[in-house]
Amino acid sequence: MSDVPKTYRLLRRGDGYYYRRRVPQNLVPLLGKKVIKQSLGTATLSKATQLRSLKDVEWDEKFRSFEKLAAEKQSPPLMTRGLALARLRAFVAQRDASWTKQLADDPPGSDDERRGMRIDMLEEQTALRTPDDPNGHAAIWSAHQEITQGVPYLFEPKEFSEQEFVELVRRALLELNRREVARLEEDFSKASFDVLFKAASAPVPDTAKPSDMNFGKLCETYFEQYQTDAKYKGIAQKRIDKVQASLAVVSELVGADTLVTTIGHAKCTAFRELLSQVPTNANKHYPNLSLREAIERGKASGRQVLSYDTQAFHLATLNAVLRHAHKLALLQTVPSEGLAPWAPKVHASEKRRPFTSDELKRIFAAPIYTGCKDDGRGFAKPGPNVIRRARFWVPLICLFAGMRPNEVCQLELADIRTSEGGTLYFDVNNGGETKRLKSSASKRGVPVHPELMRFGFGEYVKKLQDEKQQKLFPEIKPGKYGYSSQRVADWFSDTFLPKVVEKDGKICLYSFRHNFRDALRRIEAPEWVLQVCGWSPSKGVSDNYGSGYNPDQLKPYVDKIEYPGLDLSHLYFEEPLLTV
């Protein structure tokens, strides 16, 4: 491919580039044209060459489908607007149901993970809104294939063109993305966003309840119904516990003895004002005080109040309870509808940041990396031991592989594999009963960085193999809700980090992943290399594009990852194993 001209199959017209490709002679009668010509939506040659690669894959697949039809002497079916809308709406409904179930089965393990998911989703949304973004093109084509089930439909330009269909596919993916972001943020105020995919409203039951019911009792009946629904929907216990805790906050601030029939907009706005003053971790810092007393104590000590996301969750809980009252005919309207938190909404990119160069130096100059008493309670006490176990390896793998903490912590020895081309890689998968992945796009092969091998990773793996271990980190026990990373992440953020750097609420174990992404930008890695981190433009839609990228293709880019000014030579083995 190095001999192919940069402008191969590219045509410059006016301010933009077009993809131009000849149709195989035997397919001209089927397609009704001799040349494919499509706008790439960019005036930049570098972008155009990336998009050309995607178009090559797209048309290779289309031509194969048409060849099959030609061999079977069949005519390709015609795609109409009506057929397209029916397919697209079914696609959105199926994807939406799948995401809803996934979120219920496997909700974010922490606020940090939730914020990370939201950042990824907004990046996916940006890709879909940017005309010349290769990730957006890949997502749309993959969805195109799924919606048409690989059938090479023909389009009648005067009636309904393929470009119109592609635009509808883009709108479908944006609709899914916006629903996913809303559900993640506990915002259920809209069932849909695009009128093209407007969801039907659920009927309101006419069951009546006594009008003298108080708010505390209403919360109890709501939670009983929620638990019943959770049982049949398979909602995770973690989510059930979170909802129960939120109900306790909402009930206390509204007033458990308040008559439901007296709750109106004024009562709801008063709740919002109180909620905006609640200090963080009130139960932990003020265990014997009521929330109103905790508010006063928190003001006096200058304690930080609940974040926008936490306030939004409690408001969503209030909204759900009052919707329940509306269904029980206790309220004529839902007075909390549309209330937003009284807190600054922090942009997704500002919620978590990468470590600075100085912070990285401090982290890896800590006793656990230079010599400590032990890697338990003595991890911060200088000593003779550099103990290569989970607390040593997890931050390093996150830094040099860009993997999510839970992806690292749940690795098994069998997941350390060698490709056909000889590349040692981490096989990130959800095989087995205890493994979890954020989405189908998270399933991937991540090359093992040479630095990890210099740190003795090969020797570590071989030792575990000799011991007949199954897990890469056998000492890690899953947390309360089954996440392998919970205890390691909590230790790193709450116990380890405060001893080596000044925390600002924006750094945690997940920050290494942001360092890795910045490192990819420094080496000017192509957009498709982001697949190594499990980032996808459309949550499980684009990961089937073509045949994917294997570890051998990703290795040259991963090997170039480095962090200027960070010297980790004190971790090197004299003669490290280079394979396992």
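Rules used throughout
- Residues numbered from 1 in each chain as written.
- Predicted model: local features only at pLDDT ≥ 70, side-chain atom pairs only at ≥ 80, totals over all residues.
- Heavy atoms only, no water.
- Patch = residues over 30% accessible without salt bridge, like charges linked within 9 Å, V, L, I, M, F, W, Y side chains within 5 Å.
- Areas by Shrake-Rupley, 256 points an atom, 1.4 Å probe, with all protein chains shown as cover.
- Salt bridge = Lys/Arg side-chain N within 4 Å of Asp/Glu carboxyl O.
- Lys, Arg positive; Asp, Glu negative; His and termini not counted.
- Charge placed at Lys NZ, Arg CZ, Asp CG, Glu CD.
- Helix = DSSP H or I, 4+ residues; strand = E, 2+ residues; numbered from the N terminus.
- Buried < 20%, exposed > 50% of the residue type's maximum accessible area, 1.4 Å probe, protein only.
- Core = buried A, V, L, I, M, F, W, Y, C linked by side-chain atoms within 4.5 Å.
- Contact = heavy atoms within 4.5 Å.
- Pairing = 2+ DSSP bridges.
- Axes fitted to C-alpha atoms, helices over the stretch in contact; angles between N-to-C directions.
- Expected span 1.5 Å × (residues − 1).
- 1 Å grid on protein atoms, 1.4 Å probe; cavity = no way out; pocket = protein on both sides within 12 Å on 5 of 7 lines; lining within 4 Å.
- Points joined across faces, edges and corners; volume = space filled by probe spheres on them.
- Nonpolar A, V, L, I, M, F, W, Y, C, P; charged D, E, K, R; others polar.
- Parallel < 35°, antiparallel > 145°, perpendicular 65-115°, else oblique.
- Left-handed = near helix turned anticlockwise from the far one by under 90°.
- Polar contact = N/O pair within 3.5 Å; in protein donor to acceptor, adjacent residues only side chain to side chain.
- Phe/Tyr/Trp six-rings, centres within 6.5 Å; stacked < 30°, edge-to-face > 60°.
- Lys NZ or Arg CZ within 6 Å of the ring centre and 35° of its normal.
- pLDDT = per-residue confidence, 0-100.

Asks: Which residues make up a positive patch on the surface, and what values go with them?
Replies: There is a patch of like positive charges on the surface, built from R13, R20, R22, K34 and K37. Locating R22 in the fold gives a position in strand β2 (residues 16–22). Taking relative accessible area as the criterion, R22 reaches 61% and is therefore assigned exposed.

Asks: Outline the nonpolar core, supporting the account with residue identities and numerical values.
Replies: Core analysis: the biggest nonpolar cluster contains 64 residues, and L396, F426 and F457 have the highest contact counts within it. Broken down by element, this core gets its largest block of residues, ten residues, from helix α16 (residues 390–401). Residues in contact with F457, not counting those within four places in the same chain, are W393, I397, I416, F426, V448, L452 and L472. Listed in part, the 41 residues of the second largest apolar core include L218, C219, V250 and I263.

Asks: Tell me what's going on with the pattern of salt bridges, and back it up with residues and numbers.
Replies: Following the criterion strictly, the structure yields 29 salt bridges and no others. For D120, the salt bridge is made with R404, and the minimal N-O distance between the two is 3.4 Å. Of this pair, D120 sits in helix α4 (residues 111–129) while R404 sits in the loop between α16 and α17 (405–409), and the two are 284 residues apart along the sequence. Taken individually, D120 and R404 each receive the classification buried, so the pair is uniform in this respect.

Asks: I'd like a description of the sheet that holds strand β3 (residues 35–39), backed by residues and values.
Replies: If you walk across this open sheet you meet the three strands as β1-β2-β3, and the pairing is antiparallel. Each edge of the open sheet carries a strand with a single partner, namely β1 (10–13) and β3. Direction aside, neighbouring strands of the sheet carry axes that sit 30 degrees apart on average. Here β2 runs beside β3; their pairing, made up of five bridges, is antiparallel. Across the sheet, R21 pairs through a bridge with I36, a residue of β3.

Asks: Before we move on, can you summarise helix α5 (residues 134–148) with the specific residues and values?
Replies: With 15 residues, α5 extends 21 Å from end C-alpha to end C-alpha; this agrees with the ideal 21 Å at 1.5 Å per step. Burial runs high along α5: 13 of the 15 residues are buried.

Asks: Explain empty space enclosed by the protein residue by residue, including any values.
Replies: A full pass over the atoms with the stated rule returns one cavity of 30 Å³ or more. Put simply, the largest cavity is a space of about 40 Å³. Looking at the lining of the largest cavity residue by residue, the class counts come to two nonpolar, two polar and four charged.

Asks: Account for the packing of α4 against helix α6 (residues 162–184), with residues named and values stated.
Replies: Contact geometry of α4 with α6 gives a least axis separation of 10 Å together with a crossing angle of 160 degrees. With respect to α6, the axis of α4 lies roughly antiparallel. In the packing of α4 onto α6, the handedness of the crossing is left-handed. Within the contact between the two elements, α4 uses R114, M117, R118, M121, L122, E124, Q125, L128 and R129 and α6 uses R170, L173, L174, N177, R178, E180, V181 and L184. Its residues placed into classes, the contact of α4 with α6 shows eight nonpolar, two polar and seven charged.

Asks: Hey, could you go over the environment of R9 for me, with residue numbers and the actual values?
Replies: Inspection of the secondary structure assignment puts R9 in the segment before β1. Considering only alpha carbons, one finds R9 and K55, 46 residues apart in sequence, at a separation of 9.8 Å. Within the local environment of R9, its side chain forms a polar contact with the side chain of Y8, the two groups lying 3.3 Å apart. Reaching out from R9, the side chain makes a polar contact with the side chain of D56 at a distance of 3.0 Å.

Asks: Any details on the packing of aromatic side chains? Residues and values, ideally.
Replies: Counted under the stated rule, the structure contains 21 aromatic pairs. Aromatic pair F160 and F165: ring centres 6.4 Å apart, planes at 80 degrees, arrangement edge-to-face. Like F160, the residue F165 is buried in the burial classification. With a centroid separation of 4.7 Å and an interplanar angle of 50 degrees, the aromatic rings of F355 and F512 are classed as tilted. Taken as a pair, F355 in the loop between α13 (348–351) and α14 (357–363) and F512 in helix α21 (residues 511–522) lie far apart in primary sequence, 157 residues in all. In this structure F355 comes out as buried when scored by relative accessible area, which is 4%. The class of F512 is buried, set by a relative accessible area of 0%. Above the ring of Y18, the side-chain terminus of K37 is found at 5.2 Å from the ring centroid.

Asks: Mind laying out α21, listing which residues take part and the relevant values?
Replies: The terminal C-alpha atoms of α21 lie 17 Å apart, and with twelve residues this matches the ideal 16 Å at 1.5 Å per residue to within 8%. The buried count for α21 comes to nine of twelve residues, which makes it a mostly enclosed element. If you check which residues of α21 are buried, you get S511, F512, R513, H514, N515, F516, R517, A519 and L520. Once α21 ends, the next one or two residues include E524, with phi positive near 55 degrees.

Asks: Any details on the side chain of E451? Residues and values, ideally.
Replies: Within the secondary structure, E451 is located in helix α18 (residues 450–454). Classification of E451 by relative accessible area gives buried; the value is 13%. Only 2.7 Å separates the side chain of E451 from the side chain of Y572, close enough to count as a polar contact. Excluding anything up to four places from it in sequence, E451 contacts F400 and Y572.

Asks: I'd like a rundown of the pairing of strand β5 (residues 424–428), residues and numbers included.
Replies: Taking burial as the measure, the five residues of β5 include five buried ones, the bulk of the element. Neither face of β5 is left uncovered, since the one carrying L424, F426 and V428 and the one carrying Y425 and D427 both have all their residues buried. In this sheet, β5 lies alongside strand β4 (residues 416–418) in antiparallel orientation, the contact comprising three bridges. Across the sheet, the residue bridging to I416 is F426, located in β5. The antiparallel pairing of β4 with β5 creates a hairpin that spans five residues between the two strands, and G422 there sits at a positive phi of about 90 degrees. Of the strand pairs in this sheet, β5 and strand β6 (residues 444–447) are connected by four bridges, and their pairing is antiparallel. When the sheet's bridge partners are listed, V428 is paired in β6 with R444.

Asks: Account for the confidence of the model for the chain, with residues named and values stated.
Replies: Mean pLDDT over the chain: 84, with 89% of residues reaching 70 or higher. Confidence drops under pLDDT 50 across residues 200–209; counting only partners more than four residues distant or on other chains, this segment forms nine contacts. Note on residues 537–547: pLDDT under 50 across the span, and 41 contacts to partners over four residues away in sequence or across chains.

Asks: Now, about the environment of L274: what can you tell me, with residues and values included?
Replies: Following the sequence through the fold, L274 ends up in helix α9 (residues 265–275). For the pair L274 and L291, spaced 17 residues apart in the sequence, the C-alpha separation amounts to 9.2 Å. Residues within four places of L274 in sequence aside, it is in contact with L253, R292 and I295.

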